[in-house]
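Observations on chain architecture
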Amino acid sequence: MESLKLFISLFLFSFSYFFLGAESDHLQHNKRLRPNRLFVFGDSYTDTGNIRKSLSDSWKIPYGVSFPGKPSGRFSDGRVATDFLARYLGIKSPIPYTWKNYAGKERLLYGMNYAYGGTGVFKTFNNPLPNMTTQIDYFQKVLAVGNIYSPSDLPSSLALVSVAGNDYATFMQQKRPMTEFLGFIKQVVDQTEVNLRRIHKLGVKKIAIASLQPLGCLPSSTAFTSFQRCNASDNALVKLHNTLLHQAVAKLNNETKPSTFVILDLYNAFLTVLTNKRAEPGVTRFVDPLKPCCVGVTSNYTCSNVDKNGVRKYTICQDPKTSFFWDVFHPTEEGWRSVYSLLRENLRD
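Sequence order as written defines the numbering, with residues in each chain counted from 1. This being a predicted model, a pLDDT of at least 70 is required before a residue's local features are given, and a value of 80 or more before pairs of side-chain atoms are given or counted; all residues contribute to the totals for chains, interfaces and linings. Water and hydrogen atoms play no part in the side-chain values, which are based on all heavy atoms of the structure.

1. Structural notes on the overall build of the protein
Put simply, DSSP H or I for four residues or longer makes a helix, DSSP E for two residues or longer makes a strand, and each gets a number counted from the N terminus. Within the protein, the secondary structure is distributed over ten helices and eight strands. Three labels apply to residues, based on accessible area from a 1.4 Å probe with only protein chains included: buried if under 20% of the type maximum, exposed if over 50%, partly exposed otherwise in between. Across the 349 residues that make up the protein, the buried fraction comes to 54%. By definition in these notes, contact holds between two residues if any of their heavy atoms fall within 4.5 Å. In the protein, the share of contacts with a sequence separation of at least 24, taken over all contacts with a separation of at least 6, comes to 71%. With the model as given, the accessible surface of the protein reaches about 16,200 Å², and the carbon-plus-sulfur share is 54%. Note that accessible areas follow from Shrake-Rupley with a 1.4 Å probe, and for residues the cover is restricted to the protein chains shown.

Here you go:
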């Protein structure tokens with residue numbers, strides 16, 4: 001089985017390396033009007049508070065220690081991808097969908113966030129939570145009511161889609177044969193294309209989709225090397241996902257000219273920050289970039305865990321700004337700030 005994994009990984013690396021060269025070209029679209037509202041679909045990289053408190057560590061101390069100073073449902077010490085994208089668009093971060101009945105009308109004008117931590121394109125290990133199809137259903141229902149957004153609001157809006165990491169984590173947890181992995185990647189990207197097309201048909205004409213981050217560089221994958229090396233096999237599979245995503249987006253752009261879909265190259269942005277050996281403008285140089293700030297004291301615990309007596313079973317670094325990763329899956333606020341410093345030129349007019 002190990003030899004099969006190695007063969008697949010080497011094949012995918014060679015295949016994807018050949019095709020990936022043009023992926024970042026999709027960031028170089030023609031100048032367009034700055035969107036004035038943001039609709040978000042995805043997982044924990046973009047969730048700003050939809051997931052219920054009873055289901056997630058993101059509502060427990062020390063999450064939110066940097067912003068807003070207490071847990072807010074964000075999977076970080078502070079702001080996440082959604083917040084930085086909104087900042088670069090010059091608008092407030094869109095309100096979480098589950099908060100819509102408690103937000104004032106003015107706050108809703110900046111859009112709405114439908115992302116839920118732990119979700120994917122398909123059902124994941126967090127089955128009760130809405131996958132991307134259901135998130136779009138929620139969006140469609142809000143539009144149908146008609147008292148918040150009108151059809152004329154949508155062409156000047158932007159949709160952000162950030163999803164798929166949990167789909168692959170679920171595949172691995174289910175211990176499915178590696179021989180099925182290639183087909184599963186295609187299923188994930190094909191369904192993502194369906195979802196993107198549906199958002200576009202609902203009226204949003206500008207859609208940004210994040211490429212998959214280098215999963216092999218997440219602390220959950222690098223722990224076995226004491227957070228020193230990325231897992232090349234995992235990243236090879238990610239590259240195939242991103243290659244197929246690039247092809248799907250190119251197809252959608254050809255069908256909807258002028259181009260309306262853009263890939264945010266999270267994969268290379270992450271790698272650029274993680275391997276930053278010199279002063280990259282706007283990017284923090286992290287001394288030990290693969291090591292998380294908040295981690296369980298043993299493999300049985302995770303960030304925020306406490307025992308029955310309330311004694312914490314995690315350690316936290318002295319200053320989250322010195323770490324790229326907050327926990328074993330998610331960047332810190334400073335990590336996200338550095339990533340979006342690399343992407344911001346493509347988010348401007």
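Following the structure, the description resumes.
2. Description of the packing of aromatic side chains
Note on ring pairs: Phe, Tyr and Trp rings are taken, using the six-membered ring of Trp, and paired if centres are within 6.5 Å. Classes follow the plane angle, with under 30 degrees stacked, over 60 edge-to-face and the rest tilted. With the rule as written, the count across this model stands at 20 aromatic pairs. Each ring, one from Phe41 and one from Tyr114, has its centre 5.4 Å from the other, and the planes form 5 degrees; the classification is stacked. Within this pair, whereas Phe41 is found in strand β1 (residues 37-42), its partner Tyr114 is found in the loop between β3 (111-113) and α4 (132-145), the two being separated by 73 residues in sequence. On the basis of relative accessibility, which here comes to 0%, the residue Tyr114 falls in the buried class. Arranged with centres 5.1 Å apart and planes meeting at 85 degrees, the rings of Tyr45 and Trp336 form a pair that is edge-to-face. Of this pair, Tyr45 sits in the loop between β1 and α2 (81-89) while Trp336 is found in helix α10 (residues 333-343), placing the two residues 291 residues apart along the sequence. The exposure class assigned to Trp336 is buried, which follows from its relative accessible area of 1%. Whether a charge sits over a ring comes down to the Lys NZ or Arg CZ being within 6 Å of the ring centre and within 35 degrees of the ring normal. Looking at Arg79, its charged tip hangs above the ring of Phe67, at a distance of 3.8 Å from the centre. Above the ring of Tyr97, the side-chain terminus of Lys100 is found at 4.1 Å from the ring centroid.

3. Points about the pattern of salt bridges
Any carboxyl oxygen of Asp or Glu that lies within 4 Å of a side-chain nitrogen of Lys or Arg is treated as forming a salt bridge with it. This model, assessed by the stated rule, comprises eleven salt bridges. Here Glu333 makes a salt bridge to Arg79, at a shortest N to O gap of 3.2 Å. Here Glu333, found in helix α10, pairs with Arg79, found in the loop between β1 and α2; they are 254 residues apart in sequence, far enough to count as distant. Asp137 serves as the salt-bridge partner of Arg198, at 2.5 Å between the closest nitrogen and oxygen. Of the two residues, Arg198 sits in helix α6 (residues 181-201) while Asp137 sits in helix α4, which places them 61 residues apart along the sequence. In this structure Asp137 comes out as partly exposed when scored by relative accessible area, which is 27%.

4. Let's talk about the state of the cysteines
Cysteine sulfur atoms are paired as a disulfide whenever they come within 2.5 Å of each other. If you walk through the whole model with that rule in mind, you get three disulfides. Between the sulfur atoms of Cys217 and its disulfide partner Cys230 the distance amounts to 2.1 Å. On the S-S bond that ties Cys217 to Cys230, the torsion sits near 110 degrees, and the link is right-handed. Taken as a pair, Cys217 in the loop between β5 (206-210) and α7 (219-222) and Cys230 in the loop between α7 and α8 (232-255) lie far apart in primary sequence, 13 residues in all. The disulfide partner of Cys293 is Cys317, and the S-S distance across this bridge is 2.0 Å. Between Cys293 and Cys317 the disulfide shows an S-S torsion of about -90 degrees. By sign, it is left-handed. Of this pair, Cys293 sits in the loop between α9 (266-274) and β7 (294-296) while Cys317 is found in the loop between β8 (314-316) and α10, placing the two residues 24 residues apart along the sequence. For Cys317, a relative accessible area of 22% corresponds to the partly exposed category.

5. Some remarks on α9
When α9 is considered as a whole, its buried residues turn out to be Leu266, Tyr267, Ala269, Phe270, Val273 and Leu274. Structurally, α9 contributes buried residues whose contacts are with β5, α8, β6 (261-264) and α10.

6. Here we look at the packing of α4 against α6
To define axes, lines are fitted to C-alpha atoms, for helices over the stretch in contact only, and angles between the resulting N-to-C directions are given on a 0 to 180 degree scale. Contact pair α4 / α6: the axes reach a minimum separation of 10 Å and the direction vectors enclose 5 degrees. The orientation of α4 with respect to α6, classified from their angle, is roughly parallel. Note on element contacts: α6 touches α4 through Gln191, Asn195, Arg198 and Ile199, opposite Met132, Thr133, Ile136, Asp137 and Gln140. By definition in this entry, angles of less than 35 degrees are roughly parallel, angles greater than 145 are roughly antiparallel, angles of 65 to 115 are roughly perpendicular, and the rest are oblique.

7. Considerations on the sheet that holds strand β2 (residues 95-96)
DSSP bridges decide pairing: two strands pair if at least two such bridges lie between them. Spatially, the six strands line up as an open sheet ordered β2-β3-β1-β4-β5-β6, and their pairing is parallel. Where the open sheet ends on each side, the last strands, each with one partner, are β2 and β6. Here strand β4 (residues 157-162) runs beside β5; their pairing, made up of four bridges, is parallel. Along β5, the bridge assignment pairs Ala159 with Ile207.

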